[in-house]
Amino acid sequence: MELEKSEFLKRKAAEKAVEFIKSGMVLGFGTGSTFKYVLDILAEKIKSKEIENIIGIPTSNKTLELAQKLDIPCGKFSDHPIIDLTIDGADEVDSKLNLIKGGGGALLHEKIIAQASKKYIIIVDESKRSIYLGEKWHVPIEVVKMALEVETKYLQSLGARVVLRENDDGTPFVTDEGNYILDTNFGIMKSPKKIAKKLDRRAGIVGHGIFLGMTDRVISASKNGVQVLVK
């Protein structure tokens, strides 16, 4: 029952987000279980010609494959480096609309696309909201393979609990860029900016899931309805 409720809320948030899509836009396509509802709804509107001439820039191979199955036009980021609007999900949203992302493993591409976007909208259900980042989710950190051991030790020196992400068969999860992900628990982060700065200085860390000050709107669905939060 809880799963059905969660999926219903994700769909409601996605419906609201699609209202911001206009014909002719270049769109950033997120990755994950919430964003797939955006693609489903968008495909319906393209088929009915309510929305036309859009180009999607996917943040992962998985999203690209799903969009292609739904006959949603996609292009290359190199051909469309300026994006009108990106819609994506998040693993956690704090009271200042900062995010933890990367549960789907596409955090590096997601951050690159977000930074290239004129508008960045996040959709979540109420379970993803918190006062401080780290209350509900760890920080995914993408590291180059040769730096796995040294960056693991560095993160542990910061007091974090570190787990190498694995596939269901026990093999290490590998990102679209060929890197590993360390799921890193810093606990509650009242100063996520300080942690992000430390991560940004490490050569072996190519990306992390702390997204600060990037979000224009968060669309949050709950049993009481859909709320649009603006920074």
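Preceding block: the structure.
Residues numbered from 1 in each chain as written. Predicted model: local features only at pLDDT ≥ 70, side-chain atom pairs only at ≥ 80, totals over all residues. Heavy atoms only, no water.

Enquirer: I tried to follow the overall build of the protein on my own but got confused; where do I start?
Expert: Along the protein, the regular secondary structure elements total six helices and 13 strands. Expected size for 231 residues packed as a compact globule is a radius of gyration near 17 Å; at 17 Å, the protein falls within 12% of this value. The principal-axis extents of the C-alpha atoms in the protein amount to approximately 55 × 40 × 35 Å. Residue burial in the protein is summarised as follows: out of 231 residues, 49% are buried. Taken as a whole, the protein presents about 11,600 Å² of accessible surface, with 51% of it coming from carbon and sulfur. (Helix = DSSP H or I, 4+ residues; strand = E, 2+ residues; numbered from the N terminus. Rg over C-alpha atoms; globule rule 2.2 N^0.38 Å. Buried < 20%, exposed > 50% of the residue type's maximum accessible area, 1.4 Å probe, protein only. Areas by Shrake-Rupley, 256 points an atom, 1.4 Å probe, with all protein chains shown as cover.)

Enquirer: Would you mind going over the nonpolar core with me for this structure?
Expert: In summary, soluble globular proteins display a tendency toward joint burial of nonpolar side chains. Membership of the largest hydrophobic core comes to 26 residues, with the highest contact counts inside it found for Ile21, Leu27, Phe29, Leu42, Ile72, Ile87 and Ile123. Residue assignment for this core shows that the elements contributing at least two residues are helix H1 (2–18), strand S1 (26–29), helix H2 (35–47), strand S3 (83–89), strand S6 (117–125) and strand S12 (217–222). At seven residues, H2 tops the list of elements feeding residues into this core. Excluding its chain neighbours within four sequence positions, the residues that come into contact with Ile87 are Ala17, Ile21, Gly28, Phe29, Gly30, Phe35, Val38, Ile121 and Ile123. Core analysis: the second largest hydrophobic core is formed by 19 residues, Leu155, Phe186, Ala196 and Ile205 among them. (Core = buried A, V, L, I, M, F, W, Y, C linked by side-chain atoms within 4.5 Å. Contact = heavy atoms within 4.5 Å.)

Enquirer: Is there a simple way to think about the packing of H2 against helix H3 (residues 61–69) in this case?
Expert: Interaxial distance between H2 and H3 falls to 10 Å at its minimum, and their mutual angle equals 25°. If you check the angle between H2 and H3, you find them roughly parallel. For the crossing formed where H2 meets H3, the hand is right-handed. Residue-level contacts link Phe35, Lys36 and Leu39 of H2 to Thr63, Leu66 and Ala67 of H3. Each residue belonging to the contact of H2 with H3 can be placed in one class, and the counts come to four nonpolar, one polar and one charged. (Axes fitted to C-alpha atoms, helices over the stretch in contact; angles between N-to-C directions. Parallel < 35°, antiparallel > 145°, perpendicular 65-115°, else oblique. Left-handed = near helix turned anticlockwise from the far one by under 90°. Nonpolar A, V, L, I, M, F, W, Y, C, P; charged D, E, K, R; others polar.)

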